[in-house]
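# Structural overview
What follows is each chain in one-letter form.
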Amino acid sequence: MSGVGEILKEVGDFGRFQKCLVLLSVIPSLSVAFHQFCQLFMVPYVPHHCDTSWIRTIGPNLTEEEQLNLTLPRGADGEFEQCSMYSPVDWDLDSIMAYGLNDTQKCSSGWVYPSEQPPSLLTEFDLVCDRKDLNDIAQAIYMLGLLLGSMIFGPLSDRIGRRPVILISVFLQGLFGLGIAFVPHFYVYMAFRCVVGASVSGITMTLLALATEWTGVSSRPKAVLTSHCCFAVGQMILAGLSYGIRNWRLLEIAGSAPIFAFFFCIGVLPESARWLVTKGRIEEAKKVLQKAAAINKRSLSPGLLEQLKPEKQTKSGSFLDLFQKKNLRKVTLIMSCAWFVNSFVYYGLSLNVTNFGLDIYLTQLAFGAVEIPARVGCIFTLQRFGRRKSQAVLLVLSGLVCLIITGIPEGQPMATTILATIGKFAASASFSTSYVYAAELFPTIVRQTGVGLCSMSARVAGILAPLVRLLDQYHRSIPMAIFGSAPVLGGLLCVLLPETRGTDLADDTGDGHPPAEVCKNATSSSQNGQVKGKDGGQDNESMKTTYF
C-alpha cells in the first residue's frame, strides 16, 4: 500500500487539526437533527370543522353558533363533526330552521380553524380528515430522500472526493431548506423535503468518512461520539426553537439558515489524504499532510513523504460475495435485519412524540437528552459485555418497552412517555453498537459493501416507520405492537452472531470459515506479521478492531 497510514501516525492521531475537523461537523449535525424531526412540530393538532359559509348567502345575520348548529352534525360525544357537514340545499332560511337538514357529506369547501392559531402545515395545506395521511406520507418521502442520498453521494464522494460532496450537500440542504419556507403547495413541500433528505445523507456519510480517514484508530470513537452527541443536542435545540417559533415557515428559516455559516469554514475544510493517494494525486496529498502536521506542531521528514506512492488497485469484494459463503451469508442477513429493526423502532418512537400525551416540547427535549448518555454508555457496555450481548439485549429491551406501552391505558401519558424515553435510550445505544459491530463482522474486502447494505436496510425501515403509524386508525395499539415485535425478534437473531470483542478485523472472507474464526486467525497472523507490515509499508490500521 501507500504508507499513508504511517505518515498519518507521524502527523498525529488526534491533534489540533483533527479536533478542528471534528468541530466542523457540529453545525451540520445540529442542522441534520432539525430536518430529521422538525415536521413533527409543524403539524400540531388544531380544532377544525367544515367550512359551511354557503348558508351565509341566505342568512347573513346568523351568529356563528347558529350557523354551526344548522350546518354541522354532532357526534356521539355531542361535539360537532370535524370531517362532515350537512349537504347544502336550495331552501330559504325559515325552511332550514323549521325542518332541519338530514343528508350529510364530506367537507366540500375546505375547513375553518381558530383565527388565533399560528400558521402551520396543517392549517395552510388542510392536512385533516381525508388528507391527514399526507403528513406521514411526507415523512416517508423524506426518508426516501435519505435512501437516495446514500445511493448517490456515497459513490460520488469516491469519485470526486469528500470535500466537494460535503460542500454540495451543505449547499443543497441550505437552499432547499430555505425553499421549503416559501412553497405554495404541499406536493412541492414533499419534493423539497426529499432533496433535503438526500443532502442529509450526503453530509452525514461524507463528514464521518472524512473525520475517520484523518483520525487514528484509537481516537475514531471520539469523532463518532462527538457527531452522535451533537445530533442529540440538535434534537434538544429543536424542542426550544419550535416552542419559541410557532409559525412553521419562520421555524423552517430559523432551522435552515445557520447551515450557511459552514461556508465560512471552506478554507479550513481539508480533502482526505487517503482519498488523494488512492487517486494518484500524490503532490496534493503531500501538501495537505504537511499542513496537518504544521497545525499539530509536528514535522514530517522529506524522506518520509517521498515514500508516499499511489496505491495499487486491489479488487474489492462484490455484493454477491456476501451471499456466496454460508457464514458470511448468515452474518449479512442477521445484521441487515438488526439494522432494519433498530431503525424501525428508533423512528417509530421518535416520530410518535406527538401521541404520547404529554407536552410534545418537553417530550422532544427528553428524547434528545437521553441519547447523550445512551451514546456514551455504549462505549462501556461494548467493552464490558461485548458486541453480541449488547446488541441483542438493547434491541430486545427497546422492543419490550414498546410492547408494554400497548398495554398502558390511554389516560396515562406520564407512564407512556417514561417508557418511550427508556425505549429511545435503548434504541439509540443499539444504533451506536450496530455501527461498531457491523464494521467488525464484515471482512475488509467486503466491509463497505456489507455496511452499505445494512445502512440501506435501515433506510427502508425509516421509510416504512411513518407508514406503519397510519394503522392507528384501526386501533391505537397496532403501530406500537409492530414497532415492539420487530426488534425483539431481531435481538434474538443477534444471539446467532459471533463475538468480535478483542479480535482483529478479518481481511478476507476466510474461505468459508466462521467470522469469529477468521478474526482469530487474523489476530494470530497479525502478531507474526507486524514486522512485515511495518517494513513493507502496510497500513496496519485497517487490521485493528474498533474499541467503541
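Residues numbered from 1 in each chain as written. Predicted model: local features only at pLDDT ≥ 70, side-chain atom pairs only at ≥ 80, totals over all residues. Heavy atoms only, no water.

### Notes on the nonpolar core
If you look at the biggest cluster of nonpolar residues, it comprises 95 residues, and the most contacted ones within it are Leu 121, Phe 186, Tyr 189 and Met 335. The leading source of residues in this core is helix H16 (residues 326-350), at twelve residues. Apart from the residues lying within four places of it in its own chain, the contact partners of Leu 121 are Gln 39, Met 42, Val 43, Asp 126, Leu 127, Phe 186, Tyr 189 and Trp 248. Ranked by size, the runner-up nonpolar core spans 31 residues in total, among them Ile 7, Leu 8, Val 277 and Leu 308. (Core = buried A, V, L, I, M, F, W, Y, C linked by side-chain atoms within 4.5 Å. Buried < 20%, exposed > 50% of the residue type's maximum accessible area, 1.4 Å probe, protein only. Helix = DSSP H or I, 4+ residues; strand = E, 2+ residues; numbered from the N terminus. Contact = heavy atoms within 4.5 Å.)

### Topic: a positive patch on the surface
Taken together, the side chains of Arg 384, Arg 388, Lys 389 and Arg 501 present a region of like positive charge at the surface. Looking at Arg 388, the relative accessible area reads 31%, which means it is partly exposed. (Patch = residues over 30% accessible without salt bridge, like charges linked within 9 Å, V, L, I, M, F, W, Y side chains within 5 Å. Areas by Shrake-Rupley, 256 points an atom, 1.4 Å probe, with all protein chains shown as cover. Salt bridge = Lys/Arg side-chain N within 4 Å of Asp/Glu carboxyl O. Lys, Arg positive; Asp, Glu negative; His and termini not counted. Charge placed at Lys NZ, Arg CZ, Asp CG, Glu CD.)

### Let's talk about the side chain of Thr 206
Note that Thr 206 resides in helix H9 (residues 186-214). Since its relative accessible area comes to 2%, Thr 206 is described here as buried. Side-chain polar atoms of Thr 206 contact the backbone oxygen of Gly 202, separated by 2.6 Å. Other than its neighbours up to four places away in sequence, Thr 206 contacts Ser 157, Arg 162, Val 165 and Ile 166. (Polar contact = N/O pair within 3.5 Å; in protein donor to acceptor, adjacent residues only side chain to side chain.)

### Considering the state of the cysteines
Per the counting criterion, the structure on display carries two disulfides. Between the sulfur of Cys 50 and that of Cys 107 lies a disulfide, 1.7 Å long from S to S. Residues Cys 50 and Cys 107 are joined through a disulfide that is left-handed, its torsion about the S-S bond being -60°. Linking Cys 50 in strand E1 (residues 49-50) with Cys 107 in the loop between strand E3 (104-106) and strand E4 (111-112), this pair joins segments that are 57 residues apart in sequence. Residue Cys 50 shares its accessibility class with Cys 107, and that shared class is buried. (Disulfide = S-S within 2.5 Å.)

### Details of the environment of Ile 58
Secondary-structure assignment places Ile 58 in the loop between E1 and helix H4 (64-71). Taking relative accessible area as the criterion, Ile 58 reaches 32% and is therefore assigned partly exposed. Considering only alpha carbons, one finds Ile 58 and Leu 93, 35 residues apart in sequence, at a separation of 6.1 Å. Apart from residues lying up to four places away in sequence, Ile 58 is in contact with Trp 91, Asp 92, Leu 93 and Ile 96.

### Quick notes on the packing of aromatic side chains
Scanning the model with the defined rule gives 15 aromatic pairs in all. Between Phe 37 and Tyr 347, the ring centres sit 6.5 Å apart and the planes meet at 40°, which makes this aromatic pair tilted. Of this pair, Phe 37 sits in helix H3 (residues 26-37) while Tyr 347 sits in helix H16; the two residues are 310 residues apart in sequence, bridging distant segments of the chain. Among the residues examined, Phe 37 registers a relative accessible area of 0% and is labelled buried. One Lys or Arg, Arg 246, reaches over the ring of Tyr 243 and ends 4.9 Å from the middle of that ring. (Phe/Tyr/Trp six-rings, centres within 6.5 Å; stacked < 30°, edge-to-face > 60°. Lys NZ or Arg CZ within 6 Å of the ring centre and 35° of its normal.)

### Looking at the environment of Gly 149
One can find Gly 149 in helix H7 (residues 133-160). Those residues in contact with Gly 149 that sit more than four places away from it in its chain are Gly 154, Ala 198 and Ser 201.

### Some points on helix H2 (residues 16-24)
Residues Phe 17, Gln 18, Leu 21, Val 22 and Leu 24 constitute the buried set of H2. One side of H2 carries all its buried residues, which in axial view fall inside an arc of 155°. The outward face of H2, more than 90 degrees from its buried face, is lined by the exposed residues Arg 16 and Leu 23. (Arc of directions from axis to C-beta.)

### Observations regarding the pattern of salt bridges
Inspection of the entire model under this criterion finds seven salt bridges. Here Lys 424 ties to Glu 371 by a salt bridge, and the two come within 3.2 Å at their closest N and O atoms. A residue pair is termed long-range when its members are at least 10 positions apart, and Lys 424 in helix H19 (residues 413-441) and Glu 371 in helix H17 (residues 360-385) qualify at 53 residues. Residue Lys 424 shares its accessibility class with Glu 371, and that shared class is buried. Linked through salt bridges whose partners overlap, the residues forming this network are Glu 371, Arg 375 and Lys 424.

### Considering the confidence of the model for the chain
When pLDDT is averaged along the chain, the result is 82, and 87% of the positions lie at 70 or above. Within the chain, the lowest mean pLDDT, 41, falls on helix H23 (residues 530-535), and the highest, 94, falls on helix H11 (residues 248-256). Between residues 518-548, whose pLDDT stays under 50, and residues either more than four places distant or in other chains, the model counts 67 contacts. (pLDDT = per-residue confidence, 0-100.)

### Notes on a nonpolar patch on the surface
Among the surface-exposed residues, Leu 144, Leu 148, Met 151, Ile 152 and Met 456 lie close enough to one another that they form a single nonpolar patch of about 410 Å² accessible area. Top element by residues in the nonpolar patch is H7. It accounts for four residues. As for its position among the elements, Ile 152 is in helix H7.

### A closer look at the environment of Ala 481
Examined against the element boundaries, Ala 481 turns out to sit in helix H21 (residues 478-494). For the pair Ala 481 and Gly 399, spaced 82 residues apart in the sequence, the C-alpha separation amounts to 8.8 Å. Beyond its immediate sequence surroundings of up to four residues, Ala 481 is in contact with Leu 403 and Thr 406.

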